Amino acid sequence: MFRYLTAGESHGRALTAIVEGVPAGLTLDEEYIAGDLKRRQGGYGRSARMEIEQDRAEILSGVRHGLTIGSPISLLIWNRDWENWQDVMAISPIKQETEKVTRLRPGHADLAGAIKYGLDDIRPILERASARETASRVAVGAVARKLLQEFGIEIKSHTIAIGGISIKGEKSQRNWAKVEKSPVRCAEAEAEKAMIAAIDKAKEAGDTVGGVFEVVATGIPIGLGSHVQWDRRLDGRIAQALMSINAVKGVEVGAGFSLANLPGSQSHDIIERAGRIWHHATNRAGGIEGGISNGEPIMVKAVVKPIPTLGKPLPSVDLKTGEAVEAHSERSDVCVVPAAGVIGEAMLAIVLADAMLEKFGGDHIMETLNNHKSYLDAMNKR
Ligand code: EPS
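Report follows, based on the coordinates. (Residues numbered from 1 in each chain as written. Predicted model: local features only at pLDDT ≥ 70, side-chain atom pairs only at ≥ 80, totals over all residues. Heavy atoms only, no water.)

## Focus: the pairing of strand β12 (residues 277-280)
Then, number 1: As judged from the four bridges shared by strand β11 (residues 271-274) and β12, these two strands associate in the antiparallel manner. Its bridge partner lying in β12, Ile271 is registered against His280.
Then, number 2: Linking two consecutive strands that pair antiparallel, namely β11 and β12, is a turn of two residues; a positive phi of about 60° is found at Gly275 within it. (Pairing = 2+ DSSP bridges. Helix = DSSP H or I, 4+ residues; strand = E, 2+ residues; numbered from the N terminus.)

The structure is reproduced here in structure tokens:
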């Protein structure tokens, strides 16, 4: 329903995306998308690259006079740093040889990618494996978010842990205004300070740190996704989307892994009805039961590994000679957890926009809104 592809290398000319399936009549402008792109670029622990880039997506098609027209929306984000990489990343053959990257980084796509694509230079692999690509996804996610807002759906994220420092009370930390102001996207002052110190310490040691972020979506109607087929289950679709974010190694829906230690009597959410409104006393299911949204906020967490380009490289092997060497090292981030949270919002927005269009259809936004309204009216009459 809502589908997209991205293209572009980290130091190539630009990043692009084509989004298809957005109904006509939706208000959309570049300024709106720029807001999310800016949020992705922030976060303590990012590399100097973020001082070079000022991501902004140009809308090249699919929008007329500020409204979507139902045709594919193409987005273009220029890489400012490309200027410094014109020879290395030239599209046409160049006369002089460029230096090959051959010292494999453990934890990166280097080895598997070079072998798979039959390359003697890691450069083409690292260029596309780079999380720079997520700028395209966040631009696409902003389009999805704009659509979801028409239905009162909001998506937020915050940092739960960085470098072994975790927040204390999860609920009280969902103070979104504070989160947006925090350099690590964490509302708890004490944890924020300790997370920043952990990033500084890692940087000094030539190391990197990972962590955990949480994404929360509110305003979700009962009935997105389906139990009837494995690939229609909403939790499965969300898990894949979050897992596809660079450096993510685990995804948890609701109480997730902690359910392993609880009896059934303490694992489920008691169903209640207040007037005509269905709700649950708790939300351990993270808003999804049987692969279907149950009307509660959708709550997912993801763990981000410490990124593999280290200032003080790990021992490794040279792709060309097979000799023991130190892994390749170049300018890189120390911590990407805050940015990953913003990317997580985009990925969740994309899955939910797809699921909303699947449930409510419509080629014009008014049609989708009407279908949504009559579904809710019917539910409230039951
Ligand atoms: C990345 C390495 C760094 C990051 C980059 C991801 O880039 P560079 O090698 O140019 O310093 O800053 O992330 C981005 C550019 C971005 O926009 O998120 C990597 O190796 O994955």
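## Structural notes on the pattern of salt bridges
Then, number 1: Under the definition given, this model contains 27 salt bridges.
Then, number 2: In this structure, Arg132 and Asp55 form a salt bridge, with 2.8 Å as the shortest nitrogen-oxygen distance. Placement of Arg132 in the loop between α4 (123-129) and α5 (134-149) and of Asp55 in the loop between α2 (49-52) and β3 (57-61) is noted, with a sequence separation of 77 residues between them.
Then, number 3: Of the residues examined, Arg132 reaches a relative accessible area of 5% and is grouped as buried.
Then, number 4: Asp55 gets classed as buried once you look at its relative accessible area, which sits at 7%.
Then, number 5: As a salt-bridge pair, Arg331 and Asp81 come within 2.7 Å of each other at their nearest N and O atoms. Here the residue Arg331 occupies a position in the loop between β17 (324-326) and α9 (337-360), and Asp81 occupies one in the loop between β6 (73-78) and α3 (110-116), the gap between them amounting to 250 residues.
Then, number 6: By relative accessible area, which is 39% here, Arg331 ends up partly exposed.
Then, number 7: Within this structure, Arg40, Arg49, Glu53, Asp55, Asp81, Arg132 and Arg331 form a network of salt bridges that share partners. (Salt bridge = Lys/Arg side-chain N within 4 Å of Asp/Glu carboxyl O. Buried < 20%, exposed > 50% of the residue type's maximum accessible area, 1.4 Å probe, protein only.)

## Observations concerning the environment of Ala247
Then, number 1: Checked against the element boundaries, Ala247 lands in the loop between α8 (234-243) and β10 (248-253).
Then, number 2: Separated by 85 residues in sequence, Ala247 and Ser332 place their C-alpha atoms 14 Å apart.
Then, number 3: Setting aside residues up to four positions removed in sequence, Ala247 forms contacts with Val303, Val304, Lys305 and Ile307. (Contact = heavy atoms within 4.5 Å.)

In short, the description is geometric, and any link to function would need to be established separately.
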